[in-house]
Amino acid sequence: MVERILVSACLVGRRVRYDGGAKAVGDEVVGRWRDEGRVVVFCPEVSGGLPVPRPAAEIVGGDGGDVLDGVARVLTEGGEDVSEHFVRGARLALDAAREAGVRVALLKESSPSCGSLRVYDGRFAGVRVPGHGVTTALLRRAGVRVFSEDQVSGAAECLRELEGSGVPR
Ligand code: SF4
């Protein structure tokens, strides 16, 4: 059975980002995954009930794991607490992953939902710090391996390993 992969909707060209744009990843490997029917496209923030466009948001007081644990919040620059939308989106992303039997994800780096190595530090000053977004945190807690758009080859290797290993879902 083909190993599927959850991919941030903005990385496949969907205009779902906060500014109404996309961040399509040009890597031909991602195009091949789509041709092979592996890609499960998902935007946690839109699924969590946020509009396009929407105010930029950053995690204040920690990273995505801390938001899940209720000790950090996702705030817009204007101070609106949108944590609930982010947590709902993360849960729906995990539901989608489970439904599709997904064990690997390729998510947009630095997003407060999808970041996997870095997130913005909550001061809206363009400063990134180590940490992961809310959806990435929840997926990782469930055992999904999350890569950024800069790690397409790592994600591809992971898919190959899982397909070759015969490890059941
Ligand atoms: Fe892209 Fe994720 Fe932001 Fe949606 S939540 S726009 S998929 S980075």
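Conventions we followed
Residues numbered from 1 in each chain as written. Predicted model: local features only at pLDDT ≥ 70, side-chain atom pairs only at ≥ 80, totals over all residues. Heavy atoms only, no water. Helix = DSSP H or I, 4+ residues; strand = E, 2+ residues; numbered from the N terminus. Pairing = 2+ DSSP bridges. Axes fitted to C-alpha atoms, helices over the stretch in contact; angles between N-to-C directions. Contact = heavy atoms within 4.5 Å. Buried < 20%, exposed > 50% of the residue type's maximum accessible area, 1.4 Å probe, protein only. Arc of directions from axis to C-beta. Polar contact = N/O pair within 3.5 Å; in protein donor to acceptor, adjacent residues only side chain to side chain. Salt bridge = Lys/Arg side-chain N within 4 Å of Asp/Glu carboxyl O.

1. Observations concerning the overall build of the chain
So, point 1. In terms of regular secondary structure, the chain is built from six helices and eight strands.
So, point 2. Secondary structure elements of the chain, listed N to C terminal, follow the sequence β-α-β-α-β-α-β-α-β-β-β-α-β-α.
So, point 3. With respect to the principal axes defined by its C-alpha atoms, the chain has extents near 45 × 30 × 25 Å.

2. Here we look at the sheet that holds strand 1 (residues 5–8)
So, point 1. Within the open sheet, the four strands sit side by side as 2-1-5-8. Their pairing is parallel. Looking at which strands have only one partner, the edges of the open sheet turn out to be strand 2 (39–42) and strand 8 (145–148). Geometrically, the sheet is characterised by an average inter-axis angle of 25 degrees between neighbouring strands, direction not taken into account.
So, point 2. Together, strand 1, strand 2 and strand 5 (104–107) form the strand contacts of helix 1 (residues 28–35), whose direction differs from that of strand 2 by roughly 105 degrees.
So, point 3. Against the sheet, helix 5 (residues 134–141) engages strand 1, strand 5 and strand 8, with an angle of about 170 degrees to strand 5.

3. Overview of the environment of L94
So, point 1. Of note, L94 is situated in helix 4 (residues 83–100).
So, point 2. The exposure class of L94 is buried, given its relative accessible area of 9%.
So, point 3. Residues L94 and V144, spaced 50 residues apart in sequence, show a C-alpha to C-alpha distance of 9.0 Å.
So, point 4. Discounting residues that sit within four places of it in the chain, L94 has contacts with L138, L139 and A142.

4. Remarks on helix 1
So, point 1. Listed as buried for helix 1 are V29, V30 and W33. Along helix 1, the residues classed as buried sweep out an arc of 100 degrees about the axis, all on the same side. Opposite the packed face of helix 1, turned more than 90 degrees from it, sit the exposed residues E28 and D35.
So, point 2. Looking at the buried positions of helix 1, the neighbouring elements they touch are strand 1, strand 2, strand 5 and helix 6 (152–165).
So, point 3. One side-chain oxygen of the residue at the start of helix 1 lies 2.8 Å from the amide nitrogen of V29, identifying that residue as D27.
So, point 4. Just downstream of helix 1, G37 is the residue with a positive phi angle, here 75 degrees.

5. Observations regarding the side chain of R54
So, point 1. Checked against the element boundaries, R54 lands in the loop between helix 2 (44–47) and strand 3 (57–60).
So, point 2. Here E45 takes part through its side chain, which lies 3.0 Å from a polar atom of the side chain of R54.
So, point 3. Other than its neighbours up to four places away in sequence, R54 contacts V16, R17, Y18, C43, E45 and V46.

6. Observations regarding the side chain of H132
So, point 1. With respect to the secondary-structure elements, H132 resides in the loop between strand 7 (128–130) and helix 5.
So, point 2. Owing to a relative accessible area of 18%, H132 belongs among the buried residues under this scheme.
So, point 3. Polar contacts involving the side chain of H132 include one to the side chain of R140, which spans 3.0 Å.
So, point 4. Setting aside its immediate chain neighbours within four residues, H132 contacts I59, D63, G64, G65, G115, S116, V119, A137 and R140.

7. Focus on the pattern of salt bridges
Opposite charge on two side chains permits pairing when their charged atoms draw close.
So, point 1. For the structure on display, the rule yields eleven salt bridges.
So, point 2. E3 is the salt-bridge partner of R103, the closest N and O atoms lying 2.8 Å from each other. One end of the pair, R103, is in the loop between helix 4 and strand 5; the other, E3, is in the segment before strand 1, and 100 residues separate them in sequence.
So, point 3. Look at R103 and you get buried, because its relative accessible area is 12%.

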